[in-house]
Structures are given as C-alpha cells and as structure tokens.
Amino acid sequence: MHRPFAGLRLAGVIAALCLLAGCAQARAIANAPVYVHMNGSNDFLEPIVAVRPGEPVVFVNQDTGMHTIVGYDPLTGAPDAAIDGMVAGTPGAGHHLPTYTVRLTKPGVYAYYCSVHAVLLKTFDHAVQPAHKPGADGLGSMAGYIIVTTDPALPKSNPPTSRERIVPGYFGG
Ligand SMILES: [Cu+2]
C-alpha cells in the first residue's frame, strides 16, 4: 500500500531529533563556564561578558595578590550582593589558582568592581562610576559587567579568553 505521508513523517522525526540535539547543544553551552581573569595589572581581562541565566561565571586569579568582586548599581551606588565574592592570590603560575564562581539567574546588567584596586566615585546625584584607587598598583579602574541574557547572540561575542580556564602566559604578580 502506498503511504504518501510516510516520507513526511520520517522528515518530521528527523526534524524533531535535530531540534532535540540542538537543545542538548544549547544546554551544554549554557552549562559551560565563562571565565574572567585577573593578574598583577589589576584589571579584569574580560571586563564585559554575557551569559545565559544560570550559566556560571568563574573569576580566575592569575595574580599573587587578592581581588574582590563587589556588585553595585551605577545609578544609585547601592550594593548588589548577588555578585559579591573574593579570590585569593597565589604564589606563582605553577600553583593552584583560586577561583570564585557566581551564577546569576535573573536577566539584567550587573556591574561590579574590585574594592582593593578601585573606588566608586559619585558623578551625578547618587550615580557612581568606578575609578582608580589612589595608591593602588595598576593603570585603570578595576571593574566590569556581566550581562545575563536569554539572547543567544550576545554570549557569542565574548572574548576568546573567556572560554579558557587559564590564559597561558598571563600570570603576573
Ligand atoms: Cu583587584
């Protein structure tokens, strides 16, 4: 008996499988950490990264000195403890590298700075901007942003080093 819809049904099954495989791939990407690195120059090598909700952001300290990750609202200066953490220093490149992992589930733009090497200065009304901490080593204001988004296009523009747990040759105390 001729079954005109058999081919269509098979195509449907294949399409469904591809869709499932795509979902599995998307899940794998969502679970892959995005790395942010620090070294003795006292800045965040990837100051802006985008992640899916719940995707881990792992701060890796390739420095002898410690750094903090302190969340704040640029418009009000209010603290945002959802990000807060710290990463200890380590004696050298061959030693264990301390890390700090944060998972943010709510889409939004999250600002943070290192309170060891930057300060928040008032700009207008209650608004603040990170600035270089007087007396601290380094050139700039040690600060960054995490964008939590369901848009799959944004994480694709993350810097290539954000996919590496350790950046070769980057250690500097
Ligand atoms: Cu710091």
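As a starting point, this report considers the structure included with it. Remember, predicted model here, so these are calculated numbers, not experimental data. By convention here, each chain's residues receive numbers from 1 onward along its written sequence. pLDDT decides what is reported in this predicted model: residues at 70 or higher carry local features, side-chain atom pairs at 80 or more are listed and counted, and totals for whole chains, interfaces and linings draw on all residues regardless. Only hydrogens and water are set aside; all other atoms, that is, all heavy atoms of the structure, feed into the side-chain values.

## Quick notes on the coordination of the copper ion
Six octahedral donors around a metal ideally subtend angles of 90 or 180 degrees, whereas four tetrahedral donors ideally subtend 109.5 degrees.
Okay, step 1: For the copper ion, every protein donor is listed as His-67 (ND1), Cys-114 (SG), His-117 (ND1) and Met-142 (SD), and the spread of their distances is 2.1 to 2.6 Å.
Okay, step 2: For the copper ion, the four donor atoms in the first shell make angles of 91 to 130 degrees at the metal, a pattern classed as tetrahedral.
Okay, step 3: Counting along the primary sequence, the residues that act as donors to the copper ion give the motif H-x46-C-x2-H-x24-M. Of this pair, His-67 sits in strand E4 (residues 67–72) while Met-142 sits in the loop between strand E9 (128–132) and strand E10 (143–148); the two residues are 75 residues apart in sequence, bridging distant segments of the chain. Note on donors: an N, O or S atom is included if it sits within 2.8 Å of the metal, or within 3.2 Å for Na, K and Ca, and water is never included, so sites can look incomplete. A four-donor site is classed as tetrahedral when every donor-metal-donor angle falls between 85 and 135 degrees; four donors are called square planar, and six octahedral, when trans pairs exceed 155 degrees and all remaining angles lie between 65 and 115, with any other arrangement labelled irregular. Secondary structure elements are taken from DSSP: a helix is a run of H or I of four residues or more, a strand is a run of E of two residues or more, and numbering for both begins at the N terminus.

## Points about the sheet that holds strand E1 (residues 34–38)
Okay, step 1: Strand pairing requires that DSSP identify at least two bridges connecting the strands. The strand order E1-E3-E6 describes an open sheet built from three strands, whose pairing is mixed. Pairing within the sheet leaves two strands with one partner each, and these edge strands are E1 and strand E6 (99–103). With direction set aside, neighbouring strand axes in the sheet form an average angle of 20 degrees.
Okay, step 2: In this sheet, E6 lies alongside strand E3 (residues 56–61) in antiparallel orientation, the contact comprising five bridges. To get an axis, fit a line to the C-alpha atoms, keeping to the stretch in contact for a helix; angles then go from 0 to 180 degrees between the N-to-C directions.

## Section: the sheet that holds E4
Okay, step 1: Reading across from one edge, E2-E10-E7-E4-E5 is the order of the five strands in this open sheet, with mixed pairing throughout. This sheet does not close on itself; its edge strands, each paired only once, are strand E2 (48–51) and strand E5 (85–87). Averaged over all neighbouring strand pairs, the angle between strand axes comes to 25 degrees, with direction disregarded.
Okay, step 2: Note: strand E7 (residues 108–113) against E10, six bridges, orientation antiparallel. Bridge assignment links Gly-108 to a residue of E10, and that residue is Val-148.

## Considerations on the side chain of Ser-162
Okay, step 1: Within the secondary structure layout, Ser-162 lies in the segment after E10.
Okay, step 2: Contacts are assigned to residue pairs with any non-hydrogen atoms lying within 4.5 Å of each other. Discounting residues that sit within four places of it in the chain, Ser-162 has contacts with Pro-33, Val-34, Tyr-35, Glu-46 and Val-49.

## Quick word on the packing of aromatic side chains
The geometry of two aromatic rings is summed up by the distance between their centres and the angle between their planes.
Okay, step 1: Only the six-membered ring of Trp is used, alongside the rings of Phe and Tyr, when aromatic pairs are assigned; centres must lie within 6.5 Å, and planes under 30 degrees apart are stacked while those over 60 apart are edge-to-face, with the rest tilted. Under the counting rule described, the total for this entry stands at five aromatic pairs.
Okay, step 2: Measuring from ring centre to ring centre gives 4.9 Å for Phe-44 and Tyr-112, while their planes differ by 85 degrees; the resulting arrangement is edge-to-face. Taken as a pair, Phe-44 in the loop between E1 and E2 and Tyr-112 in strand E7 lie far apart in primary sequence, 68 residues in all.
Okay, step 3: Burial classes: relative accessible area under 20% of the type maximum marks a residue as buried, over 50% as exposed, and values in between as partly exposed (1.4 Å probe, protein chains only). We classify Tyr-112 as buried; its relative accessible area is 0%.
Okay, step 4: Considering the side-chain rings of Tyr-72 and Tyr-113, the 5.7 Å spacing of their centres and the 80 degrees angle between planes classify their relative orientation as edge-to-face. On the criterion of sequence distance, the pair formed by Tyr-72 in strand E4 and Tyr-113 in strand E7 is long-range, its members being 41 residues apart.
Okay, step 5: Of the aromatic side chains, those joined through ring pairs into one cluster are Phe-44, Phe-59, Tyr-100 and Tyr-112.

## Some thoughts on the pairing of E9
Okay, step 1: In this structure, strand E8 (residues 118–122) lies alongside E9, joined through five bridges in antiparallel fashion. Following the sheet pairing, Lys-122 is matched in E9 by Val-128.
Okay, step 2: Connecting E8 to the antiparallel partner E9 that follows it, the hairpin turn spans five residues, and Asp-125 within it adopts a positive phi of roughly 55 degrees.

## A short note on unusual backbone geometry
Okay, step 1: Of note, Asn-42 is a non-glycine position whose phi angle comes to about 60 degrees, a positive value.
Okay, step 2: Along the chain, Asn-42 falls in the loop between E1 and E2.
Okay, step 3: The exposure class assigned to Asn-42 is buried, which follows from its relative accessible area of 5%.
Okay, step 4: Residue Asp-125 is not a glycine yet carries a positive backbone phi of 55 degrees.
Okay, step 5: Of note, Asp-125 is situated in the loop between E8 and E9.
Okay, step 6: Taking the relative accessible area as the measure of exposure, Asp-125 reaches 59% and is therefore exposed.

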